[in-house]
Structures are given as C-alpha cells and as structure tokens.
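Summary of the model geometry
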2 protein chains.
Amino acid sequence: MNYRSTLKNISEKLNISISTVSRALKNHPDISESTKRKVKDLAVLMEYEPNTYAVNLRTNVSKVFGLIVPAISNLFYESFIAAVEEDARQLGYSLMILQSGNDPVTEIENLKLCKQTRVAGIFICVATHAAHTETYLKYIEAGMPLVFFDNVPDIDSCNKVCPADEEAATISAATIIKYKKKKVLGIFGNPELSISRKRMEAFRKTFAADAPKTQLEIQHADSSQQAKEIVQTYFSSKKADHIFCMSDEILMGVMQATYKLGLTIPTDVSILAISNGFLPALFNPAITYVETSGYKLGKLAMRSMSDHLNGQTFTKVIILPSLLIEGASMQ
Amino acid sequence: MNYRSTLKNISEKLNISISTVSRALKNHPDISESTKRKVKDLAVLMEYEPNTYAVNLRTNVSKVFGLIVPAISNLFYESFIAAVEEDARQLGYSLMILQSGNDPVTEIENLKLCKQTRVAGIFICVATHAAHTETYLKYIEAGMPLVFFDNVPDIDSCNKVCPADEEAATISAATIIKYKKKKVLGIFGNPELSISRKRMEAFRKTFAADAPKTQLEIQHADSSQQAKEIVQTYFSSKKADHIFCMSDEILMGVMQATYKLGLTIPTDVSILAISNGFLPALFNPAITYVETSGYKLGKLAMRSMSDHLNGQTFTKVIILPSLLIEGASMQ
DNA sequence: TAATCCATCGAAATCGTTTGCGGTACCATT
DNA sequence: AATGGTACCGCAAACGATTTCGATGGATTA
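Bear in mind the structure is a predicted one, so any value in this text is a computation, not a measurement.

It is worth spelling out the interface of chain A and chain B at this point. Across the boundary between the two partners, chain A contributes 36 residues, which contact 36 residues of chain B. Going through the elements one at a time, α4 (52–59), α5 (75–90), β2 (94–99), α6 (104–116) and α11 (248–261) of chain A are the ones with two or more residues in the side of chain A that touches chain B. The residue inventory of the side of chain A that touches chain B, partitioned by class, reads 20 nonpolar, 11 polar and five charged.

Right, here's the structure in full:
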C-alpha cells in the first residue's frame, strides 16, 4: 500500500505547512481556494488517505461499533448483524463482531477488547448465564454507548431493544386458543433465560385467562436435539393436538420428531412457533409463526445507538411488535 | 471508561520516567525487579490498558483482520465467519466484518476501508460480478496479506482456499449414477460465478464419461425462488427421476417445488445437493448431500493467513475435500 | 588510583493528525 | 501616517506508546 502518503509528504511537495494541508483537505475557511485546489489535486494524485490511528489517537473516538453475540451462526443474530452492518456503513462506521460462545468469561474479554479499541459504541446480546450487572453498569457509567438487544440484563437505566416477548407469546397462545386446541405441548428454551421466562409466563397467563380448561404441558429444551427428544417421549405415552415452539431451534427439533413419529401436520398435530421467519417457510406445510425479526430489531438497535450518540441522555426500552404470519400448520 | 490511565499518568505517580514504565510493563531486562513490581502493581490498580491507537500508529499494524463477504445472512458464510472468529481470538486478533451485498463497488469500498484501518490481513469472498483483478493485484503487490475464499478471482499467485468444487460435483454425479438415475435435472447457480461453472463442468464430464446415456438437463437459478420455478415449469411437461442442487439456496427452492407438486422423495424423485449441512437435516427424509463446510473452510483460511503472516512467501491454493453424507433422499 | 563495566534509568525523537494561537501582508478607513 | 480589519497561513503542542541513544553511579578490575 502507499502508506507513505501523509500530510507531511504533501506539504513538502507543495512547500506549505502541514496544518495548511490538513485544513485545505477539510475545507477550512482560512484556506484560499487556490491552495485548496492544489492540495486536493495532489492528495488525489498521491492517493492520500488519513491514517486512522493518528486520527483516533488525536480525537479519541473511532468509527467502529462493537457487536457481541453468543454466536454468529444463528438465523436470528445473523439477520440482526446484517441490519446493523447496513446502517453502520451508511453512517460511515464499521463493525467489529465478537462471539461470546455464550460464555460469560469470553463475554467480558470481548467487552474489554471493545474498550481497548475505543469503539464508538457496543451492541450486546448477553450470554445466558451472564449476570455481570456490575460490569455492564461500569461501562454505562463510564459513558460507553451501550445498546442491549434480545437477551438483556435486568438493569433499568440502559438502552434495550427487544422483541416483544410477552406479546409474541400472547399472540401465540391466543391463536392456539382460536383454533380450539385442547391439549397443548409448549416447548420453551432454557428457563434461566429471561426470554424463556417471559414468554412462558405470558403464554401461561393467556391460557389461564382465556381458555383455562386447556390441558397445557410446558417443557424446556436447551437444544433442538432436546426438543426432539421431548416430543418423542411425550408422544410415546400421550398425544397432543398442538405443539408450540418458542424458537427456531426448538422448531427444528420438533419438526424432526414429527417426521420420525409420522405425524401429519396439521391433521394429527398443529404447530405454531415464534420465529425469525426463515425456517417456517422451509417446511411443508409452511409453519404458522409469530415473527420476531432479527433484521427489524437490528434497525431499531441502530436507531437507539444513533440517538444515544447524538446526545440523547435518557435511556429507553424499545419493543419490536410481533406479527402473526399464517402458514398452513394450523387448522 | 478510565481512559485517563496512561503511561505518563503512572510515571508521574511513581516519579519515574515514561520510558521506564513502558519497559517495566514489558519486562525489559534493563529494569530492576523492584521497579517492575511497583509499576505493575500500580498498573493493575489503575486498570491501565495500552492505547491501541497509539500503539498502532507507532507500529503501523493492527490486530484486526478484515473479512468481506457478499452477505452475512448465509449459512455458508456464517459458519465460515464463526470459524475464523474463533481462531482469530486465539491469536489475539479480532474481526472487522463487511458485507459487499454482492456489489463490486461496495466491495472496493470495503477493501479501501480495510486498507485505511491498516488491518493485518483480509479474508475475501469476491462478489459475483467483480472482476477487479487489477485491484486485487494492487493490494497483493503492496504486501497486504490476502486470502481469497470460496468465490475467488482468476489470479494465479495468490492465497486461495476453496471447497473442492470439481470434486464435490464429481462425487455428486457419481452418486447419482450409482443409483442408476436416468433422467436428471441439475440446477446450478449463476453461470458467471466460477463456482457454478466449475461444478457444472465437472458434473457434466462425469456423466459423459461414466453414464453417457443419462438424460441430463442443466438449468441455472439465481435465487431459491427461481429454482422453485424451474422445477415447477419442468415438471409441468416432463418428469425427472432425480434433481441435483448445486447449493443450499437452490435446495430450498427445489424442496418447496416438490411440496407444491406433491412429489414424494425419494420414490417420485430423488434429491442430492451440495450443502453446508444445515438444511439437509431439516427435511424429511433427510437430504443426501455432499458437504462443503464453511466452518472447515474458515479454519483452513486462517491457517493460510497465519502462514502468510509468518513470512511464508509462496502462495498456495488449498482445497477442502468433499464428503458424501448419506441421508434418505436417494434410492 | 584509574580505567572499565554493569545495572538502571531518562531524554527525546517518532508515528500522523488536529487545532489553538499567533503572525504576516495587504487593503480600506480615519 | 496611524489604525483597524481581513484573508491566509505556519508554529508548536498535543494525543500515548515505543525505542534509540545516552547518562549516571557504584562496583570491579588492572
């Protein structure tokens, strides 16, 4: 690379001072048009590009956002990342993406790395078992622009963007009730996750209120494999006329179990999931789902970040509304 | 953040010079053990962390890799990224991820950004219609460590890691021949992509050599939607006993078409795909596929990058061997 | 005793950019 | 002729870390 193209370099060739070159390139009013022209022309010719590190060192801010997720290989995060990247580019920022592997220790390392890199802000979906409330608070109090998304800590005064967990579960339950299902198997994720808890409680509550006679069985699965086993075990003794899946991962396991069991959808059993939207369209019949879009959430997250960066002091919690997308997995 | 913790800061509190502090923290032999202790203790206490920008400005290298992909939301790239991120972390590097959106202009912008950021190296999967051979060469000649992956340009002397395109297609064809399929519909991606061309040619060649009497029809699809339409149109007039899918995206469209057409797999039509492995397991029956793992490719890419960084001067092309994973979509 | 050596440390330059402040020249007013 | 104003531009000090080249003082050796 022509790393050798610097302000000093240009200034020497033009016999003017470094400051003048710097100002000329920035259209400073102090500099005459003729000088600006000469400088700019030479800068283009020499393929001048400011040294990011020198700039950052001086200004102490960088045009980079940190983004921490449990794992990149995930339909939801993936689309979230894509959305954030799009908007970041628009604003002249780029993205440093870090995986925590759902490990609290790695998560902290990643946060440190972001701090070291002096990122302009951090998007973070906290790890399942991470309860570093103090750590997060430390960053917030130090003025680091922080936007939590999806799985967020129990901190009041911080910026969060979340899918409407309760609403999604409520809509799900209401839909199941509408179809007059009597025996429902609801599979949720790890109960230590706030998402799982919130969804489950809202789910339960809706049934209790609107269809108390429904036979409701709640189970928890940590992986799609577990979800699959739950369904297989369940159907070996009992039968349900509906299976609800809290997430894409669970949906995957459930679908495989129905294949194995030879269950026809929706006649033998109907299915409804909360999903990002990619998987449901893959099956036949298409699965009816309540959408929680990672992409849309990403857009919201960036807006929250921008607001913060633009000096908005009060924190806020943004909820992404849910949407029922009808497939053909219910009747 | 306690950005105020600098070498100068520490040196003042200890009444020693900045240089001594710097050396003490780096275990320089010139510094006495007692001084080292004092410095290190205070550094920990003050949560000292070197200013990355100052370091980079001085050394002119950063511990960041650039990674450019057409899109993050893609099963293959996603797992590739995950693998690279894992290894990068191990080596103390982090990842700057950029999407080109498959647009040559954006791709160049991203390359520039990488250059500006003085990344330690770049992983890049070039955009479909990108033929900036000169641009790539410029970077290579300037000494920028570059590793091309998956979709690579036609440049000889550069580092590439690719799935074994020919081999994957050859294995696919051989498998189809083994099952004695007579009428095969092969759907490939955009023919302008070297991947598509390579796979198609190898595919054709195998049939020509080993089963010349097979009725082979080749079609191209740019999206899963197109793949779906191709199958629907095809089956409206003719019938095939096998459909081959060059990629996950095509597989998606094909599967939806078979649903629509009411085709049973593998009795009505058998299916084989080249895939990352995620999708095939989702269907019932599971799709037989030839694996091209993004994850494994990511590992290889990082190895190539490391070698380059460690002074290996000769370039090389690494091919990731293919593997047939038997599902139940063929009989 | 003088010369040498080693262990410890500091001063200062350097990386490239930004910016406050001051300076020069020139023209227009009184 | 003295003053004020304006348009341009340069000096030099930051930003924080690294590193070269010495410097110092005490211990060792001839």
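Expressed as a screw transformation, the operator carrying chain A onto chain B has a rotation angle of 180° and an axial translation of 0.1 Å, and the superposed copies differ by an RMSD of 0.2 Å. On the angle and the small slide along the axis, the relation comes out as a two-fold axis. Take the interface residues of chain A: 100% of them recur as interface residues in chain B, which is what a same-surface contact looks like.

On to the pairing of strand β7 (residues 215–220) of chain B. Residue and element names in this part refer to chain B. In the sheet, strand β6 (residues 183–188) pairs with β7 via six bridges, with the strands oriented parallel. Looking at the pairing, Ile 187 lines up with Gln 219 of β7. Running through helix α9 (residues 194–210), the crossover from β6 to the neighbouring parallel element β7 is right-handed.

By nearness alone, 24 residues border DNA strand C, and Leu 7, Ser 19 and Ala 54 of chain A together with Ser 17 and Thr 20 of chain B come closest of all. Listed by contribution, the elements that provide at least two residues to the surface near DNA strand C are α1 (7–14), α2 (18–25) and α4 of chain A together with α2 (18–25) and α4 (52–59) of chain B. Looking at the surface near DNA strand C residue by residue, the class counts come to 10 nonpolar, nine polar and five charged.

Structurally, the position occupied by Asp 165 of chain A is in helix α8 (residues 165–178). Excluding residues within four positions of it along the chain, Asp 165 of chain A makes contact with Ile 195, Lys 198 and Arg 199 of chain A.

Ordered in space as β11(A)-β5(A)-β4(A)-β3(A)-β1(A)-β2(A)-β2(B)-β1(B)-β3(B)-β4(B)-β5(B)-β11(B), the 12 strands form an open sheet in which the pairing is mixed. The open sheet has two free edges, formed respectively by β11 (317–320) of chain A together with β11 (317–320) of chain B, since each of these has just one partner strand. Ignoring strand direction, the axes of neighbouring strands in this sheet form an average angle of 20°. Two elements, strand β5 (residues 159–163) of chain A and β11 of chain A, share four bridges in a ladder whose sense is parallel. Paired with Cys 162 of chain A across the bridge in β11 of chain A is Ile 319 of chain A. Here helix α6 (residues 104–116) of chain B sits on the sheet and contacts β2 of chain A together with β1 (64–69), β2 (94–99) and β3 (121–124) of chain B; the angle it forms with β1 of chain B, its principal contact strand, is near 180°.

The subject of this paragraph is the nonpolar core. Residues Ile 187 of chain A together with Ile 187 of chain B are the most contacted members of the largest nonpolar core, which totals 168 residues. The contacts of Ile 187 of chain B, once residues within four sequence positions are left out, are Gln 219, Ala 221, Ala 227, Ile 230, Ile 243, Phe 244, Cys 245, Met 246, Ile 250 and Val 254 of chain B.

To continue, consider the domain arrangement of chain A. Under the domain assignment, chain A is made up of domain 1 (7–50), domain 2 (60–162 + 295–320) and domain 3 (165–291). Computed from C-alpha atoms alone, the centre-to-centre distance between domain 1 of chain A and domain 2 of chain A is 38 Å.

What follows covers the confidence of the model for chain A. Scored by pLDDT, chain A has a mean of 91; 98% of the residues are at 70 or more. Element-level pLDDT for chain A is lowest in helix α7 (residues 133–141) of chain A, with a mean of 88, against a maximum mean of 97 in strand β8 (residues 242–245) of chain A.

Quick look at the protein's contact with DNA strand D now. Around DNA strand D sit 24 residues in total, of which Ser 19 and Thr 20 of chain A together with Leu 7, Ser 19 and Ala 54 of chain B are the nearest. At the level of elements, α2 and α4 of chain A together with α1 (7–14), α2 and α4 of chain B are the ones that each hand at least two residues to the surface near DNA strand D.

Moving on to the sheet that holds strand β12 (residues 323–325) of chain B. Residues and elements named next belong to chain B. With mixed pairing, six strands are arranged side by side in an open sheet as β7-β6-β8-β9-β10-β12. Edge positions in the sheet fall to β7 and β12, since each of these pairs with one other strand and no more. Along the sheet, successive strands turn relative to each other by an average axial angle of 20°, direction set aside. Here strand β10 (residues 288–291) pairs with β12 via three bridges, running antiparallel. Counted as the bridge partner of Tyr 289 is Ile 325 from β12. Of the strands in this sheet, β6, β8 (242–245), β9 (270–275), β10 and β12 touch helix α8 (residues 165–178), which is tilted by about 165° from β9.

Residues other than glycine predominantly adopt negative phi, and peptide bonds predominantly adopt the trans conformation. In the segment running from Ile 265 of chain A into Pro 266 of chain A, the intervening peptide bond is cis, with an omega of 5°. Residues other than glycine seldom take positive phi values, yet Asn 102 of chain A does so here, at roughly 60°. Judged by C-beta crowding, with 18 C-beta atoms within 10 Å, Asn 102 of chain A ranks as partly exposed. In this structure, Asn 60 of chain B is a non-glycine residue whose phi angle is positive, near 65°.

Analysis parameters
Residues numbered from 1 in each chain as written. Chains lettered and ligands numbered in written order. Predicted model: local features only at pLDDT ≥ 70, side-chain atom pairs only at ≥ 80, totals over all residues. Contact = placed C-beta atoms within 7 Å. Helix = DSSP H or I, 4+ residues; strand = E, 2+ residues; numbered from the N terminus. Nonpolar A, V, L, I, M, F, W, Y, C, P; charged D, E, K, R; others polar. Least-squares fit on C-alpha atoms with pLDDT ≥ 70 in both. Pairing = 2+ DSSP bridges. Right-handed = clockwise from strand over helix to strand, strands pointing away. Near = placed C-beta within 6 Å. Axes fitted to C-alpha atoms, helices over the stretch in contact; angles between N-to-C directions. Core = buried A, V, L, I, M, F, W, Y, C linked by C-beta atoms within 7 Å. Buried ≥ 20, exposed ≤ 12 C-beta atoms within 10 Å, placed from the backbone. Domains from an automatic or database assignment. pLDDT = per-residue confidence, 0-100.

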